[in-house]
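An overview of the molecular structure
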Amino acid sequence: SIFYILYSGTASADTLGQTAVFNIDPQYEYSGHSRISAALRKVSDKANWYVSDEYWNGASTTEQLFFSSELDKLVSEFDTRIYPTEVSFWGSEWNPGIDNDPRITVLLTRLIDRAGGYYDTSHEYQRSQAAESNEREMVFINTSGVLNGRAKIFLAHEFQHLISFNQKDRLRNITEDIWLNEARSEYSVRLNGYDSDFESSNLRRRTIAFLESPSEPLAEWKNLAPDYGAITLFVHYLTDHYGEKVLVDSLKSYKDGIESLNEALRANRFA
């Protein structure tokens with residue numbers, strides 16, 4: 001049975017089959033909606049998996065079965081690879097977090113074509129602090145990624161943002177420079193082994209984007225493909241030459257951006 005709830009900030013366990021109304025960024029939502037309803041289709045050890053009603057109800061029975069099958073693979077990949085790999089490397093997300101639930105929320109819905117997924121820090125604040133908050137540790141993933149097998153890449157990327165929020169904003173009271181936060185998320189794709197086959201990899205896409213605009217400034221973030229190209233190649237260069245610990249130490253620093261990297265390089269005796 002499906003029943004609707006709208007979160008009021010009081011913690012309550014999610015129940016398989018329930019439908020919740022979520023705030024969503026209209027810049028990313030495919031039809032420009034700012035609120036959507038979604039049903040809890042899967043519950044795993046590490047996440048609650050919601051699928052938007054608009055997407056689900058618009059799919060045929062055959063499409064729903066295929067989507068469910070592909071979603072099962074993504075659920076397993078997150079619980080057994082992405083979550084343990086990233087938490088052991090970067091540190092933990094806020095857990096049990098603002099919703100007092102040890103599981104994060106993954107909302108699968110149709111996003112604009114150029115967005116594989118997104119993360120918004122506002123959902124980790126109380127509604128009294130951020131009016132559009134869903135009061136959850138959550139990420140948004142494009143349903144198209146589930147269908148074409150790329151969702152694991154997007155989820156690996158977005159989950160790092162959840163971790164970064166906890167490690168920087170909450171524990172150290174500092175907001176990371178966007179470009180460096182994105183660089184760590186791009187490195188998370190590599191951490192999970194998704195760049196090992198270069199021809200089909202995220203790294204190849206980023207390299208092509210960089211080569212099309214190689215003079216893009218590293219630290220001037222415009223959220224365009226060349227920006228991702230620049231930070232991805234930079235973070236690979238950084239770790240290949242100075243080791244992964246520099247990148248992790250910069251996350252645990254009370255400084256941000258280039259200052260945090262310089263501090264980490266000094267701490268590891270590279271400067």
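Read on for a plain summary of the structure. (Residues numbered from 1 in each chain as written. Predicted model: local features only at pLDDT ≥ 70, side-chain atom pairs only at ≥ 80, totals over all residues. Heavy atoms only, no water.)

This paragraph deals with the nonpolar core. The biggest cluster of nonpolar side chains holds 48 residues, and the ones touching the most others in it are Trp-49, Phe-78, Val-106, Leu-108 and Leu-155. Beyond its immediate sequence surroundings of up to four residues, Leu-155 is in contact with Trp-49, Leu-74, Phe-78, Ile-82, Val-106, Val-139 and Ile-141. Among the nonpolar cores identified, the runner-up in size contains 15 residues, and Ile-24, Ala-38, Tyr-50 and Tyr-118 belong to it. (Core = buried A, V, L, I, M, F, W, Y, C linked by side-chain atoms within 4.5 Å. Buried < 20%, exposed > 50% of the residue type's maximum accessible area, 1.4 Å probe, protein only. Contact = heavy atoms within 4.5 Å.)

Taken as a whole and assessed by the stated rule, the structure comprises 15 aromatic pairs. Their ring planes at 75° and their centres at 6.3 Å tell us that Trp-56 and Phe-67 sit as a pair that is edge-to-face. On the criterion of sequence distance, the pair formed by Trp-56 in helix α1 (residues 53–57) and Phe-67 in helix α2 (residues 61–90) is long-range, its members being 11 residues apart. Phe-67 matches Trp-56 in its accessibility class, with the two residues each being buried. (Phe/Tyr/Trp six-rings, centres within 6.5 Å; stacked < 30°, edge-to-face > 60°. Helix = DSSP H or I, 4+ residues; strand = E, 2+ residues; numbered from the N terminus.)

The interhelical angle for the contact between helix α5 (residues 178–191) and helix α9 (residues 257–267), taken along N-to-C directions, is 60°, at an axis separation of 8 Å. Compared by their axis directions, α5 and α9 come out oblique. Of α9, the residues touching α5 (which contributes Trp-179, Leu-180 and Arg-184) are Gly-257, Ile-258, Ser-260 and Leu-261. For the contact of α5 with α9, the class distribution of residues is 4 nonpolar, 2 polar and 1 charged. (Axes fitted to C-alpha atoms, helices over the stretch in contact; angles between N-to-C directions. Parallel < 35°, antiparallel > 145°, perpendicular 65-115°, else oblique. Nonpolar A, V, L, I, M, F, W, Y, C, P; charged D, E, K, R; others polar.)

What follows concerns the pairing of strand β2 (residues 19–23). Counting buried positions along β2 gives 4 out of 5 residues, so the element sits mostly inside the fold. With 5 bridges connecting them, β2 and strand β3 (residues 35–43) associate as antiparallel partners. Each residue of the ladder has a partner; that of Val-21, found in β3, is Ser-37. (Pairing = 2+ DSSP bridges.)

A few words now on the environment of Trp-221. Inspection of the secondary structure puts Trp-221 in the loop between α6 (202–212) and α7 (225–242). Setting aside residues no more than four positions away along its own chain, Trp-221 makes contact with Ile-178, Trp-179, Glu-182, Asp-227, Tyr-228 and Ile-231.

Now for α6. Turning to α6, its buried residues number three or more, namely Asn-202, Leu-203, Arg-206, Thr-207 and Ala-209. Within α6, the buried residues cover an arc of 165° as seen down the axis, which keeps them to one side. Projecting away from the buried face of α6 at angles above 90 degrees are the exposed residues Leu-211 and Glu-212. Next to the buried residues of α6 lie α4 (151–172), α5 and α7. The N-capping residue of α6, defined by a side-chain oxygen 3.4 Å from the backbone nitrogen of Leu-203, is Ser-201. (Arc of directions from axis to C-beta. Polar contact = N/O pair within 3.5 Å; in protein donor to acceptor, adjacent residues only side chain to side chain.)

This part is about the pairing of strand β7 (residues 138–142). Judged by how many residues are buried, β7 sits mostly within the fold: 5 of 5 residues are covered. Along β7, one buried face is formed by Met-138, Phe-140 and Asn-142 and the opposite face, lined by Val-139 and Ile-141, is buried too. Bridging between strand β5 (residues 104–109) and β7 involves 5 bridges; their strand directions are parallel. Bridged to Thr-109 within β7 is Asn-142. One ladder, built from 2 bridges, connects strand β6 (residues 117–118) with β7; its direction is antiparallel. Along β7, the bridge assignment pairs Tyr-118 with Phe-140.

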